[in-house]
Amino acid sequence: MDASPIRSLRRVAVAAALLCCVAAGCTSHAPEAGQDTGPTARADMPMAASDLQSQFQKVIKEVLPSVVQIQSSNELGSGVVYDGKGHIVTNAHVVASAKTFKVTAANSEEPLTARLVYSYPQQDLAVIKLDKVPAGMKAAVLGDSTKVEVGQIVLAMGSPLGLSSSVTQGIVSATGRTVSEAPHGGTGATLANMVQTSAPINPGNSGGALVNLNGQVIGIPTLAAADPQLGGSAAPGIGFAIPASMVKTIAGQIVEKGKVVNSGQAALGITARTVVDGNLRPAGAAVVTVRPGGAADKAGLRPGDIITKVGDRPVATVTSLSEALAADKPGAKTSVTYQRSGAEKTVEVTLGEQ
């Protein structure tokens, strides 16, 4: 992130369709004679507003102490307490190039000191560790990403614009999204299986917690969408969070081994750049280097080849190449269509690991 907290959250440009929602009216009826109005009947009724408010407050009381503010010399963001040993998971773009940090917990105004354990920009996740764990600090409970459903009510907790211990509310808008971060100022990572939410996510929420009403962290807020037609201005109600399953996989390896040894992300084993056609339109991803022994090398790809399709997914840019690969797993077999010396060729590739 930049020095200004306004820009502390990386945004991704997405095309958005505007949907008009019409709320249906509800008609109230008096109970008929002999109608059951006891506890069993009431249990089937929607949660009353007061009950929902009580549940919100309960979840906030339980989870907010596990969400912290993270500050380096020129960056500001949020983090989630991972375990009782002082490990805190956050976004890689929150830690940026810093090695030491000041951490402020929700129940304390006195900042704590922490150091970087490991940063993994490829998935925009990082782990830092407190030098001293204060009494009463508890780890958050990470939920099961496979049980996240569209329509679930969620709360986003973090430090938007430097306002620590802030909470916003929304729903899960979609699951399984693949989005790419901006390469300038962000990590440039392509992130798969993201949770989309309508809960307002603002600069400084990065690395915080997206929480369900069971008090479980189901994701780490990472991106807010920007509307390219509005000059990159924020697109309200469209944010993305890294699913808890990926957080557990990556953070667990960092805590246990000090680094990521199994990313679970497919790769061709190349570096590439976007090329354009005669009308200056993106026309593919040109191979720049090929890693010896990697997937592309074994398939016969070489520098100068222009990749135009992976499987049935068109490739016009390096970003779309990354998004196409994000849909597969290491070891999977897929076809790669490319151009070499003006001729189109297709080869089968067994994907490697990033």
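Q: Could you clarify how one ought to interpret the overall build of the protein chain in this entry?
A: Regarding its fold elements, the protein chain presents six helices and 21 strands. In the protein chain, once contacts between residues fewer than 6 apart in sequence are set aside, the share between residues at least 24 apart is 60%. Of the roughly 18000 Å² of accessible surface on the protein chain, 51% is carried by carbon and sulfur atoms.

Q: Just checking my understanding: could you explain unusual backbone geometry for this structure?
A: In this model, Asp124 sits at a positive phi of 50°, which is unusual for a non-glycine residue. Mapping Asp124 onto the fold places it in the loop between strand 6 (112-120) and strand 7 (125-130).

Q: What exactly am I supposed to notice about the pairing of strand 3 (residues 76-81) here?
A: Working note: regular strand, side chains alternate between the two faces of the sheet. Extensive coverage of strand 3 is indicated by the burial of six of its six residues. Both faces of strand 3 are covered, namely the face carrying Leu76, Ser78 and Val80 and the face carrying Gly77, Gly79 and Val81. Where strand 2 (residues 67-71) and strand 3 come together, five bridges link them in antiparallel fashion. Bridging from a neighbouring strand, Val67 pairs with Val80 of strand 3. Adjacent in sequence and paired antiparallel, strand 2 and strand 3 are bridged by four residues. In the sheet, strand 3 pairs with strand 4 (residues 87-90) via two bridges, with the strands oriented antiparallel. By the bridge assignment for strand 4, Val80 is matched with Val89. Hairpin connection of strand 3 to strand 4: five residues between the antiparallel strands, including Gly86 at a positive phi of 95°.

Q: What's the story with the pattern of salt bridges in this structure? I'm lost.
A: If the charged atoms of two oppositely charged side chains come close together, the side chains can form a pair. Counted according to the given criterion, the structure contains three salt bridges. Arg340 is the salt-bridge partner of Asp305, the closest N and O atoms lying 2.8 Å from each other. In this pair, Asp305 is assigned in the loop between helix 5 (295-299) and strand 17 (306-310) and Arg340 in strand 19 (residues 333-340), connecting sequence segments 35 residues apart. We note that Asp305, like Arg340, is buried.

Q: What is the right way to read the nonpolar core from this model?
A: Burial of nonpolar side chains together is a common tendency in soluble globular proteins. Residues Met157 and Ile242 are the most contacted members of the largest nonpolar core, which totals 34 residues. Contributing elements (two or more residues each) for this core: helix 2 (49-63), strand 7, strand 8 (153-158), strand 10 (190-197), strand 11 (209-212), strand 12 (217-227), strand 13 (233-243) and helix 4 (244-257). Ignoring any residue separated from it by four or fewer positions in sequence, one finds Ile242 in contact with Asn91, Gln123, Asp124, Leu125, Leu191, Met194, Ile218, Gly219, Ile220, Thr222 and Val247. Counting 21 residues, the second-largest nonpolar core is a separate cluster that includes Val336, Tyr338, Val347 and Val349.

Q: Help me out: how do you make sense of the sheet that holds strand 5 (residues 100-104) in this one?
A: The pairing of strands in a sheet happens through backbone hydrogen bonds and is either parallel or antiparallel. With respect to topology, six strands assemble into a closed barrel ordered 2-3-4-7-6-5, the strand pairing being antiparallel. Strand-to-strand, the axes of this sheet are offset by a mean angle of 40°, without reference to chain direction. Helix 4 contacts strand 4, strand 6 and strand 7 of the sheet and is inclined by roughly 50° relative to strand 7.

Q: I tried to follow the environment of Ser164 on my own but got confused; where do I start?
A: Locating Ser164 in the fold gives a position in the loop between strand 8 and strand 9 (166-180). Judged by relative accessible area, which is 39%, Ser164 ranks as partly exposed. Other than its neighbours up to four places away in sequence, Ser164 contacts Gln69, Gly158 and Ser159.

Q: I'm lost on the side chain of Gln253 in this one. Help?
A: On the secondary structure map, Gln253 appears in helix 4. Using a relative accessible area of 11% as the deciding quantity, one classes Gln253 as buried. Within the structure, the side chain of Gln253 is placed 3.2 Å from the backbone oxygen of Thr249, a separation counted as a polar contact.

Q: Please clarify how helix 6 (residues 318-326) should be interpreted in this entry.
A: An α-helix turns once every 3.6 residues. As a result, residues three or four positions apart point the same way. Within the span of helix 6, buried status applies to Ser320, Leu321, Ala324 and Leu325. Within helix 6, the buried residues cover an arc of 140° as seen down the axis, which keeps them to one side. In this structure, the buried residues of helix 6 make contact with strand 14 (266-267), strand 15 (270-276), strand 16 (282-290), strand 17 and strand 18 (313-314).

Q: Got a minute to help me understand the pairing of strand 20 (residues 343-350) in this structure?
A: Where strand 19 lies against strand 20, eight bridges are found, and the strand directions are antiparallel. Bridge pairing links Val336 to Val347 in strand 20. Where strand 19 folds back onto strand 20 in an antiparallel hairpin, the turn is made up of two residues, including Ser341, whose phi is positive at roughly 55°.

Q: How should I be thinking about the confidence of the model for the protein chain in this particular structure?
A: Note that predicted coordinates carrying low pLDDT should not be read in detail. Across the protein chain, the average pLDDT comes to 84, with 84% of residues at 70 or higher. For the stretch residues 1-45, pLDDT sits under 50, and the model shows 68 contacts to residues farther than four places along the chain or on other chains.

Q: Whenever I open this one, helix 4 confuses me. Can you help?
A: The terminal C-alpha atoms of helix 4, which comprises 14 residues, lie 19 Å apart, in line with the 20 Å expected from a rise of 1.5 Å per residue. Restricting attention to buried positions, one finds in helix 4 the residues Ala244, Met246, Val247, Ile250, Ala251, Gly252, Gln253 and Ile254.

Q: Any chance you could explain the environment of Gly294 here in plain terms?
A: Turning to its location among the elements, Gly294 is positioned in the loop between strand 16 and helix 5. With a relative accessible area of 5%, Gly294 lands in the buried category. Sequence spacing of Gly294 and Ala267 is 27 residues, and the spatial spacing of their C-alpha atoms is 8.7 Å.

Conventions we followed
- Residues numbered from 1 in each chain as written.
- Predicted model: local features only at pLDDT ≥ 70, side-chain atom pairs only at ≥ 80, totals over all residues.
- Heavy atoms only, no water.
- Helix = DSSP H or I, 4+ residues; strand = E, 2+ residues; numbered from the N terminus.
- Contact = heavy atoms within 4.5 Å.
- Areas by Shrake-Rupley, 256 points an atom, 1.4 Å probe, with all protein chains shown as cover.
- Buried < 20%, exposed > 50% of the residue type's maximum accessible area, 1.4 Å probe, protein only.
- Pairing = 2+ DSSP bridges.
- Salt bridge = Lys/Arg side-chain N within 4 Å of Asp/Glu carboxyl O.
- Core = buried A, V, L, I, M, F, W, Y, C linked by side-chain atoms within 4.5 Å.
- Axes fitted to C-alpha atoms, helices over the stretch in contact; angles between N-to-C directions.
- Polar contact = N/O pair within 3.5 Å; in protein donor to acceptor, adjacent residues only side chain to side chain.
- Arc of directions from axis to C-beta.
- pLDDT = per-residue confidence, 0-100.
- Expected span 1.5 Å × (residues − 1).

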